[in-house]
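Each chain, written out:
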Amino acid sequence: QQADRESSGAYDSRVREDFKEMSDLSLDAAGLNCPLPILKTKKILNTMSAGQSLEVIATDPNSLDDFKAFCKASGHTLSSTNQDGEIYRFLIICK
């Protein structure tokens with residue numbers, strides 16, 4: 001199930017299979033710069049139930065700091081992070 005798909009084709013889909021299997025929804029924010037990945041993430045999380053998980057793919061170099069700060073401020077849990085080259089993957093659990 002995909003919440004939003006604005007794929008730039010910037011990542012190999014095999015890279016994200018482990019996260020995809022663990023998440024309820026997925027957001028491809030590759031190619032988007034701050035603040036768009038956070039804004040799109042927030043919009044999707046607002047539609048989700050507590051305990052559901054969202055996988056986010058991003059390429060913004062500041063993504064790690066941005067998602068840490070967002071989750072801390074919003075109360076969502078940043079369950080997992082992964083970086084593969086310029087591709088960042090986040091697993092967020094909705095509060």
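See the structure shown above.
### Some points on the pairing of strand β3 (residues 53-58)
A regular strand places its side chains so that they alternate between the two faces of the sheet.
Thought 1: Among the six residues in β3, six count as buried, and that is most of the element.
Thought 2: Of the two faces of β3, the one holding Ser 53, Glu 55 and Ile 57 and the one holding Leu 54, Val 56 and Ala 58 are both buried throughout.
Thought 3: As defined by bridge partners, strand β2 (residues 25-29) adjoins β3 across five bridges and the pair is classed as parallel. Bridging from a neighbouring strand, Ser 26 pairs with Glu 55 of β3.

### Details of the packing of helix α2 (residues 36-45) against helix α3 (residues 63-74)
Relative orientation and spacing of two packed helices are given, respectively, by the angle between their axes and the distance between those axes.
Thought 1: As a packed pair, α2 and α3 sit with axes 10 Å apart at the nearest point and diverge in direction by 35 degrees. Note on packing geometry: the crossing formed by α2 with α3 is right-handed. Residues Pro 37, Ile 38, Thr 41, Lys 42 and Leu 45 of α2 form the contact with α3, whose participating residues are Asp 66, Phe 67 and Phe 70.
Thought 2: Among the residues forming the contact of α2 with α3, the class breakdown is five nonpolar, one polar and two charged.

### Considerations on the side chain of Asp 28
Thought 1: Secondary-structure assignment places Asp 28 in strand β2.
Thought 2: A polar contact is formed between the side chain of Asp 28 and the backbone nitrogen of Ala 30, at a distance of 3.0 Å.

### Brief notes about the environment of Asp 60
Thought 1: By the secondary structure assignment, Asp 60 is in the loop between β3 and α3.
Thought 2: Classification of Asp 60 as buried rests on a relative accessible area of 5%.
Thought 3: Along the chain, Asp 60 and Cys 34 lie 26 residues apart, while their C-alpha atoms are 6.9 Å from each other.
Thought 4: Excluding residues that lie within four positions of it along the chain, Asp 60 makes contacts with Leu 32, Asn 33, Cys 34, Asp 66 and Tyr 88.

Quick notes on the rules
- Residues numbered from 1 in each chain as written.
- Predicted model: local features only at pLDDT ≥ 70, side-chain atom pairs only at ≥ 80, totals over all residues.
- Heavy atoms only, no water.
- Buried < 20%, exposed > 50% of the residue type's maximum accessible area, 1.4 Å probe, protein only.
- Helix = DSSP H or I, 4+ residues; strand = E, 2+ residues; numbered from the N terminus.
- Pairing = 2+ DSSP bridges.
- Axes fitted to C-alpha atoms, helices over the stretch in contact; angles between N-to-C directions.
- Left-handed = near helix turned anticlockwise from the far one by under 90°.
- Contact = heavy atoms within 4.5 Å.
- Nonpolar A, V, L, I, M, F, W, Y, C, P; charged D, E, K, R; others polar.
- Polar contact = N/O pair within 3.5 Å; in protein donor to acceptor, adjacent residues only side chain to side chain.

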